[in-house]
Amino acid sequence: MTRTLHDVERWFLDMDAQTMVYRYLACKDVPSEVVEKAIDEAVAFGRSHHRPVDAEIFSAFVDTFFIDICHGPEWAIRKNDGAPSWIC
């Protein structure tokens, strides 16, 4: 299956972030559900800030969702044991 970014996604992801999307989907090192969730969040973030999301922010979304989905939130909390954390 080939994934194409929609107009709204292209509008709120800069060219470097769009390149990262296709790279993540092509190499399959990151589950597609993580990439899709990161795209959704990046678009929402871009809309709220009225500007496209760059590759650095998009990568941060991917990292966050990868930890959540693949390792679970408990792993992220244990990893940052010394740091204060908010649990809602």
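This report concerns the structure included in the present document. Note that the structure is a prediction, hence the values are computed from the model and not measured. (Residues numbered from 1 in each chain as written. Predicted model: local features only at pLDDT ≥ 70, side-chain atom pairs only at ≥ 80, totals over all residues. Heavy atoms only, no water.)

### Re the pattern of salt bridges
Argument step 1. Applying the stated rule across the entire model yields three salt bridges.
Argument step 2. In this structure, the salt-bridge partner of Glu36 is Arg3, at a minimum N-O distance of 2.8 Å. With Glu36 in helix 3 (residues 32-49) and Arg3 in the segment before helix 1 (7-12), this residue pair connects regions lying 33 residues apart in the sequence.
Argument step 3. Each of the salt bridges in this network shares a partner with another, and the network as a whole consists of Arg3, Glu9 and Glu36. (Salt bridge = Lys/Arg side-chain N within 4 Å of Asp/Glu carboxyl O. Helix = DSSP H or I, 4+ residues; strand = E, 2+ residues; numbered from the N terminus.)

### Quick word on unusual backbone geometry
Argument step 1. With a phi angle near 60 degrees, Lys28 is a residue other than glycine that sits in the positive phi range.
Argument step 2. Its place among the elements puts Lys28 in the loop between helix 2 (15-27) and helix 3.
Argument step 3. Residue class for Lys28 comes out exposed when judged on its relative accessible area of 67%. (Buried < 20%, exposed > 50% of the residue type's maximum accessible area, 1.4 Å probe, protein only.)

### Some points on the side chain of Arg3
Argument step 1. Relative accessible area serves as the criterion here: at 17%, Arg3 is assigned to the buried category.
Argument step 2. A distance of 2.9 Å separates polar atoms of two side chains, one belonging to Arg3 and the other to Glu9.
Argument step 3. Among the polar contacts listed, one links the side chain of Arg3 to the side chain of Glu36, at a separation of 2.8 Å.
Argument step 4. Other than its neighbours up to four places away in sequence, Arg3 contacts Glu9, Tyr22, Leu25, Glu36 and Ile39. (Polar contact = N/O pair within 3.5 Å; in protein donor to acceptor, adjacent residues only side chain to side chain. Contact = heavy atoms within 4.5 Å.)

Such coordinate-based values are descriptive only and should not be taken to indicate function.
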